[in-house]
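Each chain is listed here by its residues.
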Amino acid sequence: MTAPSHTLSTTAARKVPAERRATARAGRWDGVPVTLLLSVLTMVNLAGASYYLAPSTARPRHPFHAFLKPSGAVGQTAGILAFLIFVFLWLYPLRKKYRALAFTGAIGRWLDVHVTMALGLPLLLTIHAAWRADGVIGLGFIAMLVVCASGVVGRYLYVRIPRARSGVELTREEVTGERDSLLQAIAAALGEPVDVVMRAITPEERAPATTVMGVLERLLLDDVRRFNRVRTLSNEWASRPGVDRKAIKRVAKLASREIALVDQSRMLEATQRVFRFWHIAHMPFALTALLAVTIHVAVVVVMGATWFY
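## A look at the pattern of salt bridges
And then number 1: Evaluation of the coordinates by the stated rule reveals 8 salt bridges.
And then number 2: What emerges from the salt-bridge pattern is a single network uniting Arg-160, Asp-223 and Arg-226.

Structural data, given as structure tokens:
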């Protein structure tokens, strides 16, 4: 563990331009915003549990009824927020389609916000619907839950296709360049030849998956194997005399990225194929939810069934 940190960054920068370099961040959730959002919404649901669990005939006499009913201050505010978030979610496909909107931020960052906001939708909708949904809005409610669940799968597939920080897919040559940079950085940090490092961390080749479920299973297993492999390597490196624990942590992060790139490269075509299928399946549910929600909002506004006027 003799190489200083500036050696790592300089070596990587020579191989792949910074704007085209893969980002390790692409595989992470925005933990803090998601946790805060889900915590607040969960607390509201728990606080109103006595009302939500009460029979329909008993609800009008419940002390929370004026606030938690769908047209109440809390219930309808949750509905308004859910509607605004739902409209906002449709801006992400526009950002992906039109390059003229590049000034609004990288596609990867848009996806982070898109997923974060979408994760709060089911809880907002259950608050608005007071845990009951029927008729047209019931269809929209179910469609939105399916869209949210589908979105989680889509995000999982998205981050398993190697991308630059801008969110643009990397070419195979760029992935190879990124891997070379990572291997050289790891070798420099460990003080070992690149070929020795490569043999130590490169995952073994496995039979290709052909079906959609087979691809998803393979991706999940690759994630588990990568976690276990990096942990084993970290323990092995840490057992060496005179090691720097901070350096071990940094090298383990680089090794995890290198193993991920190897797995993603081997599964690239299969992942892209499943991602295309996902797009085809995701859109009808999203359009159904949009239609049902639009009809519901229009009816409520026309009938004046709101707390604000």
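Having put the structure on the table, let's press on.
## Points about helix 11 (residues 212-238)
And then number 1: Over its 27 residues, helix 11 extends 39 Å from the first C-alpha to the last, a length consistent with the 39 Å expected when each residue adds 1.5 Å.
And then number 2: Residues of helix 11 that are buried include every one of Gly-214, Val-215, Leu-216, Arg-218, Leu-219, Asp-222, Asp-223, Arg-226, Val-230, Leu-233, Ser-234 and Trp-237, and no others.

## Describing the packing of aromatic side chains
And then number 1: Within this structure, the stated rule accounts for 5 aromatic pairs.
And then number 2: Consider the rings of Phe-86 and Trp-90, whose centres lie 6.4 Å apart with planes at 85 degrees: the pair is edge-to-face.
And then number 3: By relative accessible area, Phe-86 is classed as buried at 5%.
And then number 4: With relative accessibility at 24%, the residue Trp-90 sits in the partly exposed group.
And then number 5: Members of the aromatic cluster, connected to one another through ring pairs, are Tyr-158, Phe-275 and Trp-278.
And then number 6: In this arrangement the basic side chain of Arg-59 is found over the ring face of Tyr-51, its NZ or CZ atom lying 4.9 Å from the centre.

## Overview of the nonpolar core
Inside soluble globular proteins, nonpolar side chains tend to come together where they are buried.
And then number 1: Ranked by size, the top nonpolar core spans 22 residues in total, and within it Ile-186, Leu-190, Val-197, Ile-201, Trp-237, Val-251 and Leu-254 carry the most contacts.
And then number 2: When contributions to this core are tallied by element, the ones reaching two or more residues are helix 9 (172-190), helix 10 (194-201), helix 11 and helix 12 (245-266).
And then number 3: With 8 residues, the top contributor of residues to this core is helix 9.
And then number 4: Core analysis: the next-biggest nonpolar cluster, separate from the first, contains 21 residues, Ala-82, Ala-118, Leu-121 and Cys-148 among them.

## Some remarks on the packing of helix 11 against helix 13 (residues 268-303)
And then number 1: Closest axis-to-axis distance for the helix 11/helix 13 pair is 10 Å, and the angle between their directions is 120 degrees. Compared by their axis directions, helix 11 and helix 13 come out oblique. Note that helix 11 runs across helix 13; the crossing there is left-handed. When helix 11 is examined against helix 13, the residues Val-212, Val-215 and Leu-219 are found in contact with a partner set consisting of Ala-270, Thr-271, Arg-273, Val-274 and Phe-277.
And then number 2: The residue inventory of the contact of helix 11 with helix 13, partitioned by class, reads 6 nonpolar, 1 polar and 1 charged.

## A closer look at the packing of helix 5 (residues 73-89) against helix 13
And then number 1: It is at 11 Å that the axes of helix 5 and helix 13 come closest, and there the two elements cross at 135 degrees. One way to sum up the angle between helix 5 and helix 13 is to call them oblique. For the pair helix 5 and helix 13, the sense of crossing is left-handed. Contacts between helix 5 and helix 13 involve Gln-76, Phe-83 and Phe-86 from the former and Ala-286, Ala-289, Leu-290, Val-293, Val-297 and Val-300 from the latter.
And then number 2: Counted by class, the contact of helix 5 with helix 13 contains 8 nonpolar, 1 polar and no charged residues.

## So, the environment of Arg-226
And then number 1: Residue position: Arg-226 is located in helix 11.
And then number 2: The residues contacting Arg-226, other than those within four sequence positions of it, are Ser-256, Ile-259, Ala-260 and Asp-263.

## Let's talk about helix 5
And then number 1: The first and last C-alpha atoms of helix 5 sit 24 Å apart over 17 residues, in line with the 24 Å expected at 1.5 Å per residue.
And then number 2: Of the positions making up helix 5, those classed as buried are Gly-75, Gln-76, Ala-78, Gly-79, Ala-82, Ile-85, Phe-86 and Leu-89.

## What about a nonpolar patch on the surface?
And then number 1: Nonpolar side chains collect at one region of the surface, where Val-212, Met-213, Phe-277 and Ile-280 lie side by side and expose about 420 Å² of accessible area between them.
And then number 2: Mapped by element, the contributors of at least two residues to the nonpolar patch are helix 11 and helix 13.
And then number 3: Structurally, the position occupied by Met-213 is in helix 11.

## Thoughts on the confidence of the model for the protein chain
And then number 1: Per-residue confidence for the protein chain averages 80 on the pLDDT scale, and 86% of its residues sit at or above 70.
And then number 2: Per-element averaging of pLDDT across the protein chain places helix 1 (residues 5-15) at the bottom with 41 and helix 11 at the top with 91.
And then number 3: When the criterion is pLDDT under 50, residues 1-14 qualifies, and its contacts beyond four places in sequence or with other chains add up to 23 contacts.
And then number 4: In the model, residues 24-29 has pLDDT below 50 throughout and makes 13 contacts with residues more than four positions away in sequence or in other chains.

## Overview of the side chain of His-114
And then number 1: In this fold, His-114 is placed in helix 7 (residues 107-128).
And then number 2: Discounting residues that sit within four places of it in the chain, His-114 has contacts with Leu-89 and Tyr-92.

## Some details on the environment of Arg-257
And then number 1: On the secondary structure map, Arg-257 appears in helix 12.
And then number 2: Looking at Arg-257, the relative accessible area reads 14%, which means it is buried.
And then number 3: Between the C-alpha atoms of Arg-257 and Arg-179, which are 78 residues apart in sequence, the distance is 8.6 Å.

Cut-offs used in this document
- Residues numbered from 1 in each chain as written.
- Predicted model: local features only at pLDDT ≥ 70, side-chain atom pairs only at ≥ 80, totals over all residues.
- Heavy atoms only, no water.
- Salt bridge = Lys/Arg side-chain N within 4 Å of Asp/Glu carboxyl O.
- Helix = DSSP H or I, 4+ residues; strand = E, 2+ residues; numbered from the N terminus.
- Expected span 1.5 Å × (residues − 1).
- Buried < 20%, exposed > 50% of the residue type's maximum accessible area, 1.4 Å probe, protein only.
- Phe/Tyr/Trp six-rings, centres within 6.5 Å; stacked < 30°, edge-to-face > 60°.
- Lys NZ or Arg CZ within 6 Å of the ring centre and 35° of its normal.
- Core = buried A, V, L, I, M, F, W, Y, C linked by side-chain atoms within 4.5 Å.
- Axes fitted to C-alpha atoms, helices over the stretch in contact; angles between N-to-C directions.
- Parallel < 35°, antiparallel > 145°, perpendicular 65-115°, else oblique.
- Left-handed = near helix turned anticlockwise from the far one by under 90°.
- Contact = heavy atoms within 4.5 Å.
- Nonpolar A, V, L, I, M, F, W, Y, C, P; charged D, E, K, R; others polar.
- Patch = residues over 30% accessible without salt bridge, like charges linked within 9 Å, V, L, I, M, F, W, Y side chains within 5 Å.
- Areas by Shrake-Rupley, 256 points an atom, 1.4 Å probe, with all protein chains shown as cover.
- pLDDT = per-residue confidence, 0-100.

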